[in-house]
Amino acid sequence: FPYTTLFRSEEFALYEKVLARDPKQLTALLGLAGALVLKVARDQSPDRMADIRLAQSYLQTAYEQAPFSGEVALEQGMLKKLQQQYAEAIPDFERSVRLDRTQWIAAAQVAHCKMFLGRLQEAYDQMEVVMPNLLPDIGAAESAFIAGETALVSGHPDRAVEYLDIAVSGNPTMPRIHALRAAALWMAGRRVEAVTAAGLSQTLTPRHRSGTMARRGGPEAGQSYQEARDRYLAAFRSALALIPTN
């Protein structure tokens, strides 16, 4: 499933070869769309809009084949979320859950969208209910990251650290996980560990810049989310400032 790791180029090529033979092959359509969604979500896309448009085309064809697929609905919601259409994404995620009661990722995405809309406590409460069903999964790094952010902006930095520790264990190569963990550690009063985590966010490629964190959520995000994000941004910058320069 594409929430674990990005597909390698040869895997993309294999799916593209399948689609060349059968343009309506559902597994290949969902595989390519899901991988593109994750690539954009992780800030690893050199052309964000081009990848979004390509994923949209794959998903439109997939939807025509399987309009009642919970996985198709999940990816449709992800595309809206990536374009900061948070309110519009929630019905897709909720439809995914209705179609497939085991779609815990979709349920977590509902909570994360509510967080961006500024419904912080509601988002945290909902995420806490969902996460026990997700953390044992092999895709825990992605799930734990969004749970960590939801906890952090809702005023639970210690809980955020717990989630982000899991995220790091699941994928230690993602700079944005270390950056958010640094912010959470700083806000939890664990300053030395925060500086170490901030340093890791700068040694991995591409290093996570505070400007990227400052844009998180975009202008469509709710005011209470933006204010909470700015608080954890300030914490991250404080940790960055103490990284040894020698």
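Before reading on, note that the structure itself is shown above.
Nothing here was measured: the structure is a model prediction, and the numbers come from that model. (Residues numbered from 1 in each chain as written. Predicted model: local features only at pLDDT ≥ 70, side-chain atom pairs only at ≥ 80, totals over all residues. Heavy atoms only, no water.)

A. Geometry of unusual backbone geometry. In this model, Thr-205 is joined to Pro-206 through a cis peptide bond whose omega is -10 degrees. Within the secondary structure, Pro-206 sits in the loop between α11 (191-203) and α12 (210-214). Despite not being glycine, Gln-84 shows a phi value in the positive range, around 65 degrees. In this structure Gln-84 comes out as partly exposed when scored by relative accessible area, which is 25%. (Helix = DSSP H or I, 4+ residues; strand = E, 2+ residues; numbered from the N terminus. Buried < 20%, exposed > 50% of the residue type's maximum accessible area, 1.4 Å probe, protein only.)

B. Up close: the pattern of salt bridges. Counted under the stated rule, the structure contains 12 salt bridges. Linking Glu-128 and Arg-159 is a salt bridge whose minimum nitrogen-to-oxygen distance equals 3.2 Å. Taken together, the positions of Glu-128 in helix α7 (residues 120-130) and Arg-159 in helix α9 (residues 157-170) put the pair 31 residues apart, joining distant regions of the chain. A relative accessible area of 22% places Glu-128 in the partly exposed class. With relative accessibility at 28%, the residue Arg-159 sits in the partly exposed group. We note a salt bridge from Arg-216 to Glu-149, for which the minimum N-O separation is 2.9 Å. Residue Arg-216 is located in the loop between α12 and α13 (223-241), and its partner Glu-149 is located in helix α8 (residues 140-153); the two are separated by 67 residues in the primary sequence. Residues joined in a network through salt bridges with shared partners are Lys-80, Asp-92 and Arg-95. (Salt bridge = Lys/Arg side-chain N within 4 Å of Asp/Glu carboxyl O.)

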